[in-house]
Number of protein chains: 2
Amino acid sequence: MTSTQRIAAAMIFLLAGAAATIGQTNRSPENAIRAADAAWLKTYVAKDVDEAVAACDDQGSLLEPNTPIATGKKAIRELIAGDFAMKDYKLVWHGDKVGVARSGDLGYTSGTYDWSYTDAAGKSIKDKGKYLTIWKKQADGSWKVLFDMFNTDLPA
Amino acid sequence: MTSTQRIAAAMIFLLAGAAATIGQTNRSPENAIRAADAAWLKTYVAKDVDEAVAACDDQGSLLEPNTPIATGKKAIRELIAGDFAMKDYKLVWHGDKVGVARSGDLGYTSGTYDWSYTDAAGKSIKDKGKYLTIWKKQADGSWKVLFDMFNTDLPA
C-alpha cells in the first residue's frame, strides 16, 4: 500500500463514517415525523377532537377543500369537530413521502387518503385523494402540524 | 445602576443583537423563496410551459384537485401543459405566509388564488381558493418547487 493509497483508504473511512452519522441524524427526525403523522391519524380514527387539535401548532392552518383557511386552535377545532360530526365519517390516510430540513425543525409528510361518510340524503359518499402536511418541531421536541391540506383525485 | 441591573442591561443588548442576527439570517432565504414564488407566478401569467416546469425540482410533485399526484418533470409538464391549454385560462395567486427551516434548505409559501377559464360548453368558470407550496434549495442556490397543492374555497 502506497502512502497515497493509505491516505485514500483513510479518507474513504472518514467519509463513510460521516455519511453514516449524517444518515443517523436525518433518520431520527424523519422517523419522529412519521410517528407524529401516525399518531395524528389515530386521533381521527378515534374521532378525538381534543387530541386531533392538540396535534396542531398554535399557529397551524388546515386547508380543507370547500372552506377558507382555518388558522389557530379555535378555527381548527371548529373544522375538525364539524368533520367528526358527519354521519359515518371515516378518514384514513397512508403516508408515502417524508422529508425534513437539515436543521431538523421543519419537515413534511405526503401520501393518499380514503374518506367516506353518509350525506344528509342518506347516500354513502366515498372519496379518495392526496394530502400534504408540514410539521414544525416544538420547543419540547414534539412535532406539530403547521399546515395540512388535501384534495380529491376524483373527477369534478 | 446596580451590578444586577448592569448584567441585565448587557444581557438585553446581547439578546437584541442575537435576535437581529437571527432575523438577518432568516430574512434572506425567506425573501429568496418569496422571489421564487413570484417568478413561478410570472411563468403562469405568460403560460410558459418550459419555464413553469423548470421551476420544479426533479423530484417535484404537483397535487392538483381531480387528478392523481404528478411527480417528476414529465408528469408535471403534461399537467401544466393541459392547464395552460384551457380556454381563457387565467390563474393568479397571492402569497400570504412564507417560512424556512433554520438550515435554509427547505421552506414554504402559502396564500390564496383566483382562477378562471371557459369550459367546453362556453361557460365562464371562476374559482377561488388557497395553496401550499414546499420549496427545496438546489445545489446552485436556487429554490425549486418540491410540492405544490391547491383546493377551492367554494362549496362543493
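Since the structure is predicted, the reported quantities are computational estimates derived from the model, not experimental observations.

Criteria and cut-off values
Residues numbered from 1 in each chain as written. Chains lettered and ligands numbered in written order. Predicted model: local features only at pLDDT ≥ 70, side-chain atom pairs only at ≥ 80, totals over all residues. Heavy atoms only, no water. Contact = heavy atoms within 4.5 Å. Salt bridge = Lys/Arg side-chain N within 4 Å of Asp/Glu carboxyl O. Polar contact = N/O pair within 3.5 Å; in protein donor to acceptor, adjacent residues only side chain to side chain. Helix = DSSP H or I, 4+ residues; strand = E, 2+ residues; numbered from the N terminus. Nonpolar A, V, L, I, M, F, W, Y, C, P; charged D, E, K, R; others polar. Least-squares fit on C-alpha atoms with pLDDT ≥ 70 in both. Buried < 20%, exposed > 50% of the residue type's maximum accessible area, 1.4 Å probe, protein only. Lys, Arg positive; Asp, Glu negative; His and termini not counted. Phe/Tyr/Trp six-rings, centres within 6.5 Å; stacked < 30°, edge-to-face > 60°. pLDDT = per-residue confidence, 0-100. Expected span 1.5 Å × (residues − 1). Arc of directions from axis to C-beta. Pairing = 2+ DSSP bridges. Axes fitted to C-alpha atoms, helices over the stretch in contact; angles between N-to-C directions.

1. Looking at the interface of chain A and chain B
Taken together, the 35 residues of chain A in the interface contact 35 residues of chain B. Here Arg102(B) makes a salt bridge to Asp105(A), at a shortest N to O gap of 3.7 Å. Applying the counting rule to chain A against chain B returns 21 residue pairs in polar contact (both at pLDDT 80 or more). At the level of secondary structure, the elements contributing two or more residues to the side of chain A that touches chain B comprise strand E1 (56-63), strand E3 (90-100), strand E4 (106-118), strand E5 (124-137) and strand E6 (143-152) of chain A. The dominant element in the side of chain A that touches chain B, judged by the number of residues it contributes, is E6(A), at six residues. Looking at the side of chain A that touches chain B residue by residue, the class counts come to 18 nonpolar, eleven polar and six charged.

2. Thoughts on the relation of the copies chain A and chain B
Take chain A, turn it by 180°, move it 0.0 Å along the axis, and it overlays chain B with an RMSD of 0.0 Å. Taken together, these values place the two copies in the relation of a two-fold axis. Taking C-alpha positions as the reference, the residue of chain A nearest the rotation axis is Ser103(A), at 2.4 Å.

3. Remarks on the environment of Leu106(B)
By the secondary structure assignment, Leu106(B) is in strand E4 (residues 106-118). A C-alpha to C-alpha distance of 9.1 Å links Leu106(B) and Leu146(B), two positions 40 residues apart in sequence. Those residues within four positions of Leu106(B) in sequence are excluded, and the remaining contacts are Val100(A), Ala101(A), Leu106(A), Gly107(A), Tyr108(A), Val100(B), Ala101(B), Ile134(B), Trp135(B), Trp143(B) and Leu146(B).

4. Section: the side chain of Glu64(A)
Here Glu64(A) lies in the loop between E1 and strand E2 (70-71). As a buried residue without a salt bridge, Glu64(A) has its nearest oppositely charged side chain in Lys130(B), at a separation of 8.4 Å. Not counting residues within four places of it along the chain, the set of residues in contact with Glu64(A) comprises Leu79(A), Asp83(A), Phe150(A), Lys130(B), Asn151(B) and Thr152(B).

5. As for the packing of aromatic side chains
Scanning all chains against the criterion turns up 24 aromatic pairs over all chains. Of the aromatic side chains, those joined through ring pairs into one cluster are Trp40(A), Tyr44(A), Phe84(A), Tyr89(A), Trp93(A), Tyr113(A), Trp115(A), Tyr117(A), Tyr131(A), Trp135(A) and Phe150(A).

6. Looking at the confidence of the model for chain A
All names here are of chain A. Averaged over all residues, the pLDDT of chain A is 88; the fraction at 70 or higher stands at 83%. Contacts from residues 9-26, a stretch scored under 50 in pLDDT, to residues over four places away or in other chains number two contacts. Model confidence for the complex: the whole-complex pTM is 0.83, and ipTM, which rates the interface, is 0.83.

7. Examining helix H3 (residues 73-84) of chain A
Residue and element names in this part refer to chain A. With twelve residues, H3 extends 16 Å from end C-alpha to end C-alpha; this agrees with the ideal 16 Å at 1.5 Å per step. All of the buried residues in H3 are Ile 76, Leu 79, Ile 80, Asp 83 and Phe 84. In a view along the axis of H3, the buried residues occupy a sector of 130°, so they form one face of it. The exposed residues of H3 that point more than 90 degrees off its buried face are Lys 74 and Glu 78.

8. Looking at the sheet that holds strand E2 (residues 70-71) of chain B
Residues and elements named next belong to chain B. In spatial order, the strands read E2-E1-E6-E5-E4-E3; together these six strands make up an open sheet with mixed pairing. Two strands bound the open sheet, and with one partner strand each, they are E2 and strand E3 (90-100). In terms of strand pairing, strand E5 (residues 124-137) meets strand E6 (residues 143-152) through nine bridges, oriented antiparallel. Residue pairing across strands places Trp 135 opposite Val 145, the latter belonging to E6. Running over the sheet, helix H3 (residues 73-84) touches strand E1 (56-63) and E2 and is turned about 45° from E1.

9. Quick notes on the sheet that holds E4(A)
Residues and elements named next belong to chain A. Overall, mixed pairing links the six strands, which are arranged E2-E1-E6-E5-E4-E3 in an open sheet. Only two strands of the sheet have a single neighbouring strand rather than two, namely E2 and E3. Note: E3 against E4, ten bridges, orientation antiparallel. Counted as the bridge partner of Leu 91 is Trp 115 from E4. Against the sheet, H3 makes contact with E1 and E2, and its axis sits at roughly 45° relative to E1, the strand it touches most.

10. What about the pairing of E1(B)?
Residues and elements named next belong to chain B. Of all the eight residues making up E1, six are buried; the element is thus mostly covered by neighbouring parts of the structure. Across four bridges, the pairing between E1 and E6 is parallel. Each residue of the ladder has a partner; that of Ser 61, found in E6, is Phe 147. As judged from the two bridges shared by E1 and E2, these two strands associate in the antiparallel manner. Residue pairing for E2: Leu 62 is matched across the bridge by Ala 70.

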